[in-house]
Amino acid sequence: MSFESHTDLARRRLLGTGLALSGLALAGCASTGGSGPSIGRVVVVGGGFGGSTAARYLKMWGGNIDVTLVERNPNFISCPISNLVVGGHKQMADITRGYDGLKALGIKVVQGEVTGIDAAAKKVRLAGGGELAYDRLIVSPGIDFMTDGIGGLASALATDQVTHGWKAGPQTVLLRKQLEAMPDGGVYALSIPKVPYRCPPGPYERACMVASYFKTAKPKSKVLVLDANPEIQSKKALFEKAFKDHYAGIIEYRANNELKEVQGTTAKLEFDDVKANVLNVIPPQRAGDIARSANLVNVNSRWVGVNWLTMESTAAAGIHVLGDATFPAPAMPKSGHMANQHAKVAAAAIIQLLKGEAVNSAPVVMNTCYSFVTARDVVHVASVHQFDATDKTFKTVPGSGGVSAAANQIEGRYALSWAENIWADMLAL
Ligand SMILES: Cc1cc2nc3c(=O)[nH]c(=O)nc-3n(C[C@H](O)[C@H](O)[C@H](O)COP(=O)(O)OP(=O)(O)OC[C@H]3O[C@@H](n4cnc5c(N)ncnc54)[C@H](O)[C@@H]3O)c2cc1C
C-alpha cells in the first residue's frame, strides 16, 4: 500500500472516530433504504456541511424515514480549500460536488429557497409557493452578513466593487479575477471582523494564499491584513512564522484595525484610510437569514441557542439547528468539520425521538481545521468536545487536540484527504 493510501485510510478513520465518539452505535441500523411504514418526515434546510451530513445520516441510520433536503444552489461548493482557488493553486471544479449521491440514497433533493417556517403548523414555505410538511425540521443555513455598522459596505458588495469571498462560489471567482487584474506593485487589503466569525484561521490562510500568488506572479505587490481583533485568532505562532519565513516584505499584519467605512476600494479605519487596489472585506456575521426570519435567533441577536443533546433550538420545539448558525459551546469553532459533527448528533437524536427512544446522554464531537501557509505546507488545530451533563454544554476534553509543531508537507496531503473525505461523508460520494 502506498503512503498516500495510508494517509487516506487514516483520514477516513479520523472521520469515523467522530461517529464512534459521538456514541452513535451503528450496528443494526446502517440501512440505506428500509421497508414498512415511514417513521417520520424530516425536512432539512441547507445543503452545506451540516444539512447534507444530516440528510445522509438520517437516511443511513434511520432507514425508513422520509428525508427532503432543500438547497438554493444546484451544487455544493466548499469553503474549505476555496482559499487555494483564490491563490491560484486549485480550480472551482476541485471544490464543487453534486447532490447525486444523496439522491441515490432516496433523499428528495429540492433546489429552491425556503422563505418561511411555520413552527406551529410544522411546514416550510418555498419561494415558488409550495409547502413541505415535517415532523422534525433541521435548519443549517450557515451565516449571513451584518453590513449595517460599516458605511458603504452593502452597496460596495452589491456592485462587486468589494468582495467578501466568505461564501464559496461566484465571490471566490470574482476575488481571483480581481487579483489577476491587479497591477504588480498594487495593494490587496483584507479586513477581518471581530470574532466570532466562521472559520477562525481562514482569513490568515487567505493572506498566505494571496501572498504566495504575489510572490511568484506580482512580487512588488503587498498583502495588508487589517484585523479588528487584537491579535491573530487561531494558530497564532504558526501564522506569524509563515508571514515572516515566506512572505517578509509582502504581508503586513495590523492588529486592532476595525473597518468603519468603505469608499470605493478605500478602507476607512478609526485613525487611518487605506487605499487598496483590491479590497476584500469579511463582514461581521450572524446566523443565516432564514433562522432570523423564523425567530430562531435568541442569543446576542445573532445566533441560535440549542440543546446540545439533540441540537433542537431553544427557541422553537421540533426545529434542530446546526453548524455556523448556532451559538457555540465554549471553545467550539464555527467550522465545516464541527457542522458535520453537529449533524450526526442531530440525526441520531431525531431518529431516537421519532421512535420514542431516549437520546444519547453523552455525545462527544471533534474538530480538525487545516490551513495552507504555502501551496503545499499546512498547519492544523484539533480539539475534542465532551458533553457535560452538569453545565449542559460541550466542554473541551483536557489534553485533547492541539496544533502542529511546524508547517509541513505531510499535513498538506492530510488536508486535501480531509477535504475529499468530508465531502464524501456528507454527500455520499
Ligand atoms: C475561506 C474559508 C475556509 C474555510 N476552511 C475551513 C476548513 O478548512 N475546515 C473547516 O472545517 N471549515 C472551514 N470553513 C468553515 C466552513 O465552511 C463552515 O463552518 C461551514 O460551511 C458551516 O456549515 P453550515 O452547514 O453551517 O453552513 P454552510 O456550509 O454554509 O451551508 C449552508 C447552506 O444553506 C443554504 N441555504 C441557506 N439559507 C437557505 C434557504 N433559505 N433556502 C435554501 N437554502 C439555504 C446555503 O446555500 C448553503 O448551501 C471555511 C470557511 C471559509 C469561508
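Conventions adopted
Residues numbered from 1 in each chain as written. Predicted model: local features only at pLDDT ≥ 70, side-chain atom pairs only at ≥ 80, totals over all residues. Heavy atoms only, no water. Helix = DSSP H or I, 4+ residues; strand = E, 2+ residues; numbered from the N terminus. Buried < 20%, exposed > 50% of the residue type's maximum accessible area, 1.4 Å probe, protein only. Expected span 1.5 Å × (residues − 1). Core = buried A, V, L, I, M, F, W, Y, C linked by side-chain atoms within 4.5 Å. Contact = heavy atoms within 4.5 Å. Pairing = 2+ DSSP bridges. Right-handed = clockwise from strand over helix to strand, strands pointing away. Axes fitted to C-alpha atoms, helices over the stretch in contact; angles between N-to-C directions. Left-handed = near helix turned anticlockwise from the far one by under 90°. Nonpolar A, V, L, I, M, F, W, Y, C, P; charged D, E, K, R; others polar. Near = heavy atom within 4 Å. Polar contact = N/O pair within 3.5 Å; in protein donor to acceptor, adjacent residues only side chain to side chain. Areas by Shrake-Rupley, 256 points an atom, 1.4 Å probe, with all protein chains shown as cover. Arc of directions from axis to C-beta. Phe/Tyr/Trp six-rings, centres within 6.5 Å; stacked < 30°, edge-to-face > 60°.

Caption draft 1: Local environment of unusual backbone geometry. The omega torsion of the bond from Val-195 to Pro-196 falls at 5°, within 30 degrees of zero and hence cis. By the secondary structure assignment, Pro-196 is in the loop between strand S11 (187-192) and helix H7 (202-217). Even without being glycine, Lys-235 reaches a positive phi, approximately 50°. Relative to the helices and strands, Lys-235 is located in the loop between strand S12 (222-227) and helix H8 (236-247).

Caption draft 2: Molecular detail of the environment of Pro-363. Relative to the elements of secondary structure, Pro-363 occurs in the loop between helix H10 (336-354) and strand S22 (364-372). The class for Pro-363 is buried, based on a relative accessible area of 1%. In sequence terms Pro-363 and Lys-344 are 19 residues apart; their C-alpha atoms lie 9.9 Å from each other.

Caption draft 3: Main features of H10. Taking 1.5 Å as the rise per residue, H10 with 19 residues should run 27 Å; its terminal C-alpha atoms sit 27 Å apart, in good agreement. The buried count for H10 comes to 16 of 19 residues, which makes it a mostly enclosed element. Gly-356 sits one or two residues past H10 and shows a positive phi near 75°.

Caption draft 4: Quick peek at the nonpolar core. Judged by nonpolar contacts, the single largest core of 109 residues is most densely connected at Leu-58, Ile-117, Tyr-188 and Val-223. Take this core: its biggest share by element is nine residues, from H10. Once you skip the residues sitting within four places of it in the chain, Val-223 turns out to touch Tyr-188, Ala-207, Val-210, Ala-211, Phe-214, Ile-250, Ile-251 and Glu-252. Within the second largest apolar cluster, 17 residues are counted, among which are Leu-153, Leu-224, Val-262 and Val-274.

Caption draft 5: The pairing of strand S13 (residues 251-254), seen in detail. Of the strand pairs in this sheet, S12 and S13 are connected by four bridges, and their pairing is parallel. Following the sheet pairing, Leu-226 is matched in S13 by Arg-254. Read as a crossover between parallel neighbours, the route from S12 over H8 to S13 is right-handed.

Caption draft 6: Spatial organisation of the sheet that holds strand S15 (residues 266-268). A sheet is described by the order of its strands in space; here three strands give the open sequence S14-S15-S16, paired in antiparallel fashion. Looking at which strands have only one partner, the edges of the open sheet turn out to be strand S14 (261-263) and strand S16 (273-275). Going across the sheet, the axis of each strand differs from the next one's by a mean of 20°, ignoring polarity.

Caption draft 7: Fine view of the packing of helix H6 (residues 170-181) against H7. Interaxial distance between H6 and H7 falls to 11 Å at its minimum, and their mutual angle equals 35°. For the crossing formed where H6 meets H7, the hand is right-handed. Contact residues: Leu-175, Arg-176, Leu-179 and Glu-180 in H6; Arg-206, Val-210, Tyr-213 and Phe-214 in H7. Classifying every residue of the contact of H6 with H7 by side-chain character gives five nonpolar, no polar and three charged.

Caption draft 8: Summary view of the site of the ligand. In the region of the ligand, 34 residues are neighbours, and Gly-50, Glu-71, Ser-140, Arg-198 and Asp-324 sit closest. With respect to the ligand, the backbone of Val-114 contributes an N or O atom lying 3.0 Å from a nitrogen atom. Here the ligand has 990 Å² of accessible area as a free molecule, and 94% of this is covered by the chains. Those elements giving two or more residues to the shell around the ligand turn out to be helix H2 (49-62), strand S2 (66-71), helix H3 (82-86), H10 and S22.

Caption draft 9: Summary view of the side chain of Gln-171. Note on placement: Gln-171 falls in helix H6. Polar side-chain contacts of Gln-171 include one of 2.7 Å to the backbone nitrogen of His-164. Ignoring any residue separated from it by four or fewer positions in sequence, one finds Gln-171 in contact with Asp-160, Thr-163, His-164 and Gly-165.

Caption draft 10: Representation of H8 within the structure. The first and last C-alpha atoms of H8 sit 15 Å apart over twelve residues, in line with the 16 Å expected at 1.5 Å per residue. If you check which residues of H8 are buried, you get Leu-238, Phe-239, Ala-242, Phe-243 and Tyr-247. Buried residues of H8 fall within an arc of 140° about the axis and therefore sit on the same side. Among the exposed residues of H8, those oriented more than 90 degrees off its buried face are Ala-237 and Lys-244. Within two residues after H8, Gly-249 carries a phi angle of roughly 85°, on the positive side.

Caption draft 11: Geometry of the packing of aromatic side chains. Here the structure, examined in full by the defined rule, presents eight aromatic pairs. Here the aromatic rings of Phe-49 and Phe-76 are separated by 5.3 Å at their centres, their planes lie at 80°, and the arrangement is edge-to-face. Of the two residues, Phe-49 is situated in helix H2 and Phe-76 in strand S3 (residues 76-77); the sequence distance between them amounts to 27 residues. Assigned by exposure class, Phe-49 and Phe-76 land together as buried. Ring geometry for Trp-308 against Phe-394: centres 5.7 Å apart, planes inclined by 75°, an arrangement best described as edge-to-face. Here Phe-394 lies in strand S24 (residues 393-396) and Trp-308 lies in the loop between strand S19 (306-307) and strand S20 (312-313), a separation of 86 residues in the sequence. The exposure class of Trp-308 is buried, given its relative accessible area of 5%. Phe-394 gets classed as buried once you look at its relative accessible area, which sits at 0%.

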